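Each chain, written out:
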Amino acid sequence: MKKDEFLIKLKDIQDSLGNWNVELGEETFADFIIGCFFDETIGKWKVYVNRERGRHSIRLVTENEEEAFDKLLAIIKFQAENIKYWNN
């Protein structure tokens, strides 16, 4: 999906992410971030997850924007389901 489609779907999920935040457009190393950005140095999209204490992991590197936002949405949905499960 394209970024515009992603943003529409994110609105429905955003409130169920608890302490997690979504960052688009740049790489950040803050805790509890799920993000996506275009790395101009290599010409590819990167999807990443930051857990606590600086644990930063790149989950996907791709040339395809749609693949990046599909993966980002999948990670966000998975995290929202985990939060829902543990809060019940």
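Residues numbered from 1 in each chain as written. Predicted model: local features only at pLDDT ≥ 70, side-chain atom pairs only at ≥ 80, totals over all residues. Heavy atoms only, no water.

> I'm lost on the environment of K44 in this one. Help?
Here K44 lies in strand 3 (residues 44–50). Spatially, the C-alpha atom of K44 lies 4.6 Å from that of E63, the residues being 19 residues apart in sequence. With residues near it in sequence (within four places) discarded, K44 still touches F37, F38, D39, V61, T62 and E63. (Helix = DSSP H or I, 4+ residues; strand = E, 2+ residues; numbered from the N terminus. Contact = heavy atoms within 4.5 Å.)

> Sorry if this is basic, but what is going on with a negative patch on the surface here?
A cluster of like negative charges, contributed by D4, E5, E66, E67 and D70, occupies part of the molecular surface. The set of elements that each furnish at least two residues to the negative patch consists of helix 1 (3–13) and helix 2 (65–87). Of the residues forming the negative patch, the biggest block, 3 residues, is contributed by helix 2. Mapping E5 onto the fold places it in helix 1. For E5, a relative accessible area of 40% puts it in the partly exposed group. (Patch = residues over 30% accessible without salt bridge, like charges linked within 9 Å, V, L, I, M, F, W, Y side chains within 5 Å. Areas by Shrake-Rupley, 256 points an atom, 1.4 Å probe, with all protein chains shown as cover. Salt bridge = Lys/Arg side-chain N within 4 Å of Asp/Glu carboxyl O. Lys, Arg positive; Asp, Glu negative; His and termini not counted. Charge placed at Lys NZ, Arg CZ, Asp CG, Glu CD. Buried < 20%, exposed > 50% of the residue type's maximum accessible area, 1.4 Å probe, protein only.)

> Honestly, the pattern of salt bridges in this entry has me stumped. Any pointers?
Once their charged atoms are close, side chains differing in charge can pair, the charge on each being opposite to the other. This structure, assessed with the given rule, holds 3 salt bridges. Residue D39 pairs with K46 through a salt bridge whose shortest N-O separation is 3.0 Å. For E52, the salt bridge identified is with R55, shortest N-O distance 2.6 Å. Exposure remark for R55: the relative accessible area of 47% places this residue in the partly exposed category.

> Hey, could you run me through the nonpolar core in this one?
Note that soluble globular proteins tend to have their nonpolar side chains buried in a common cluster. One finds F6, L72 and I76 to be the most contacted residues of the largest nonpolar core, which totals 21 residues. When contributions to this core are tallied by element, the ones reaching two or more residues are helix 1, strand 2 (33–39), strand 3 and helix 2. A total of 8 residues in this core trace back to one element, the largest contributor, which is helix 2. Those residues in contact with F6, other than ones at most four positions away along the chain, are M1, V22, L24, F69, L72, L73 and I76. (Core = buried A, V, L, I, M, F, W, Y, C linked by side-chain atoms within 4.5 Å.)

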